[in-house]
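For reference, the chains in residue letters:
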Amino acid sequence: MRLIFAGTPEFARVALEHLHAAGHTIALVLTQPDRPAGRGMKLQASSVKHYAMEKGLPLAQPRSLRLNGKYPEDAQAGRVAIEVAQAEAMVVAAYGLILPQWVLDMMGAAAAPGRPKQGTAPAGGSAAHEVASVGASKHGCFNIHASLLPRWRGAAPIHRAIEAGDTETGITIMQMDAGLDTGDMLMAHMMPIAQTDTTGTLQDRLAVLGARLMLLTLEKAAAHNLRPVPQQAEGVTYASKIEKHEASIDWEQEASRIASKVRAFNPFPGAAASLNGETLKIWMATALPGVPAQGTQAGTILLVDAKGIAVAASNSIVLITELQRPGAKRMSVADFLRGFDLRPGMIFGKQEA
């Protein structure tokens, strides 16, 4: 199939690579403009851009696609590029820009008003589930979304699922409409969240799953064999964008919530706490059984050894196993203790934004 692909981070690059390798014609790649990053704040290209350039794929990086927005010239250039591509469908994965209605219309997206009465969402399981055939010369815009919709609509579904302590998530392939992840579901597949999963490890697995489901969706679209299912009204949650100030650990919370937050914010932005005026990044932590002694201040270090740093939380205990000083590498506790004096009785504070 002749496709336009819109995506930016590594999660999206995996999908683009699978689509390209499967023989689909990538007529245009849309990705966000290069952003300053790293200590030198030098402009860095996205993972999707790197792949597109490596394979010689047509590439555009508009700052916006809103024709009446802040960057109308970019949007108009993007419109011309989309028209020239003459694609049968657009695949979107973590693009980071909103697709305005004109893009949906140009790609032949079905109008949301007047669609069928809400049905039953596909259940998660060990096999993919199919979720009025979509049969037209253009198949619209397909989105690879990293949750089981309608749970965790929005920008950061993987982070928020781990932070909330969810035990499962998944991929939903959605027919895009003008709403925020409100389109009809086409395919869905459940994936368990392990107690040791971070956003990084879970994202890697979901990226591969999303790519595979997208390939299957395109096969069914070509055969006019897709069965869209409207999302249920019940169970909607929103995964708001991760802000750096959220990374600060609140030691007054339960240990399980703190440990979930640490895993959710790994690798970005990294959970943070202060100790003796220094900001430390906490990369791995688990909740321990037992409770601190009555009257112990939250954040107090209870025990220090090579296996971990036990810290008092709210009526519970957190065991830190990997952390990092400013300007240093991430380290196990055993390595960290060789250059940092930690003793029971020291108190971690909340890192202020």
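First, a word on what this report is: a plain description of the structure on this page. The structure displayed is predicted, hence computed values, not measured ones.

## Quick look at the overall build of the chain
Consideration 1: The number of helices and strands found in the chain is eight helices and 19 strands.
Consideration 2: Over its C-alpha atoms, taken along the principal directions, the chain stretches across nearly 70 × 45 × 35 Å.
Consideration 3: A burial count over the chain gives 50% of its 353 residues as buried.
Consideration 4: Carbon and sulfur atoms provide 53% of the accessible area of the chain, an area that totals close to 16500 Å².
Consideration 5: Here the chain contributes 34 positively and 31 negatively charged side chains, and the mean placements of these two sets differ by 3 Å.

## Digging into the layout of surface pockets
Consideration 1: Of the voids in this model, the largest pocket is the one considered here, and its volume is about 1800 Å³.
Consideration 2: Every residue lining the largest pocket is counted, 49 residues in all, and those nearest its centre are Gln-32, Ala-94, Tyr-95, Gly-96 and Ala-155.
Consideration 3: Of all the elements in the fold, those that place two or more residues in the lining of the largest pocket are α1 (10-21), β3 (35-37), β8 (141-145), α5 (157-163) and α6 (199-222).
Consideration 4: By residue class, the composition of the lining of the largest pocket is 26 nonpolar, 15 polar and eight charged.

## Points about the nonpolar core
Consideration 1: Ranked by internal contacts, the top residues of the largest apolar core, which has 48 residues, are Phe-5, Leu-19, Ile-144, Ile-171 and Leu-206.
Consideration 2: Counting residues per element, this core draws most heavily on α6, at 10 residues.
Consideration 3: In contact with Leu-206, not counting residues within four places along its chain, are Phe-11, Ala-146, Ile-158, Thr-169, Gly-170, Ile-171 and Met-191.

## Concerning unusual backbone geometry
Consideration 1: The residue after Leu-149, namely Pro-150, is reached through a cis peptide bond having omega 15 degrees.
Consideration 2: Among the secondary structure elements, Pro-150 is positioned in the loop between β8 and β9 (153-154).
Consideration 3: One non-glycine residue, Trp-152, lies in the positive phi region at around 65 degrees.

## Thoughts on the packing of aromatic side chains
Consideration 1: For the structure shown, the criterion picks out two aromatic pairs.
Consideration 2: When the ring centre of Phe-265 is taken as origin, the NZ or CZ atom of Lys-261, which lies over that ring, is 5.7 Å away.
Consideration 3: One residue, Arg-330, lies across the ring of Trp-283, its end atom 4.2 Å from the ring centre.

## Some thoughts on the environment of Pro-289
Consideration 1: By secondary structure assignment, the location of Pro-289 is in the loop between β14 (278-288) and β15 (301-305).
Consideration 2: By relative accessible area, which is 74% here, Pro-289 ends up exposed.
Consideration 3: For the pair Pro-289 and Ile-317, spaced 28 residues apart in sequence, the C-alpha to C-alpha distance is 7.0 Å.

## Quick word on the pairing of β14
Consideration 1: Strand direction decides the pairing type here: strand β13 (residues 271-275) and β14, joined by five bridges, are antiparallel. Bridged to Ala-273 within β14 is Leu-280.
Consideration 2: What sits between β13 and β14 in their antiparallel hairpin is a turn of two residues, with Asn-276 showing a positive phi close to 55 degrees.
Consideration 3: Where β14 meets strand β17 (residues 317-324), seven bridges bridge the pair, whose relative direction is antiparallel.

## Focus on the pattern of salt bridges
Consideration 1: Scanning the model with the defined rule gives 14 salt bridges in all.
Consideration 2: Between Arg-330 and Glu-322 there is a salt bridge; the shortest N-O distance is 3.0 Å.
Consideration 3: Take Glu-322: its relative accessible area is 21%, and that puts it in the partly exposed class.
Consideration 4: Here Asp-335 and Arg-338 are joined by a salt bridge, their closest N and O atoms 2.2 Å apart.
Consideration 5: For Asp-335, a relative accessible area of 38% gives the class partly exposed.

## Some points on α1
Consideration 1: An ideal rise of 1.5 Å per residue puts 16 Å on 12 residues; α1 measures up with 16 Å between its terminal C-alpha atoms.
Consideration 2: The complete set of buried residues in α1 reads Phe-11, Ala-12, Arg-13, Val-14, Ala-15, Leu-16 and Leu-19.
Consideration 3: At the C-terminal side of α1, Gly-23 shows a positive phi close to 100 degrees.

## Considering the side chain of His-159
Consideration 1: Topologically, His-159 is positioned in helix α5.
Consideration 2: Within the structure, the side chain of His-159 is placed 3.5 Å from the backbone oxygen of Phe-268, a separation counted as a polar contact.
Consideration 3: With residues near it in sequence (within four places) discarded, His-159 still touches Thr-199, Ile-242, Ala-264 and Phe-268.

## A few points about the packing of α1 against helix α2 (residues 47-55)
Consideration 1: Relative to each other, α1 and α2 sit at 30 degrees, their axes nearing to 7 Å. Relative to α2, the element α1 is oriented roughly parallel. Contacts between α1 and α2 involve Glu-10, Ala-12, Arg-13, Leu-16, Glu-17 and His-20 from the first element and Ser-47, Val-48, Tyr-51 and Lys-55 from the second.
Consideration 2: Its residues assigned to classes, the contact of α1 with α2 comprises four nonpolar, two polar and four charged.

What counts, and at which threshold
Residues numbered from 1 in each chain as written. Predicted model: local features only at pLDDT ≥ 70, side-chain atom pairs only at ≥ 80, totals over all residues. Heavy atoms only, no water. Helix = DSSP H or I, 4+ residues; strand = E, 2+ residues; numbered from the N terminus. Buried < 20%, exposed > 50% of the residue type's maximum accessible area, 1.4 Å probe, protein only. Areas by Shrake-Rupley, 256 points an atom, 1.4 Å probe, with all protein chains shown as cover. Lys, Arg positive; Asp, Glu negative; His and termini not counted. Charge placed at Lys NZ, Arg CZ, Asp CG, Glu CD. 1 Å grid on protein atoms, 1.4 Å probe; cavity = no way out; pocket = protein on both sides within 12 Å on 5 of 7 lines; lining within 4 Å. Points joined across faces, edges and corners; volume = space filled by probe spheres on them. Nonpolar A, V, L, I, M, F, W, Y, C, P; charged D, E, K, R; others polar. Core = buried A, V, L, I, M, F, W, Y, C linked by side-chain atoms within 4.5 Å. Contact = heavy atoms within 4.5 Å. Phe/Tyr/Trp six-rings, centres within 6.5 Å; stacked < 30°, edge-to-face > 60°. Lys NZ or Arg CZ within 6 Å of the ring centre and 35° of its normal. Pairing = 2+ DSSP bridges. Salt bridge = Lys/Arg side-chain N within 4 Å of Asp/Glu carboxyl O. Expected span 1.5 Å × (residues − 1). Polar contact = N/O pair within 3.5 Å; in protein donor to acceptor, adjacent residues only side chain to side chain. Axes fitted to C-alpha atoms, helices over the stretch in contact; angles between N-to-C directions. Parallel < 35°, antiparallel > 145°, perpendicular 65-115°, else oblique.

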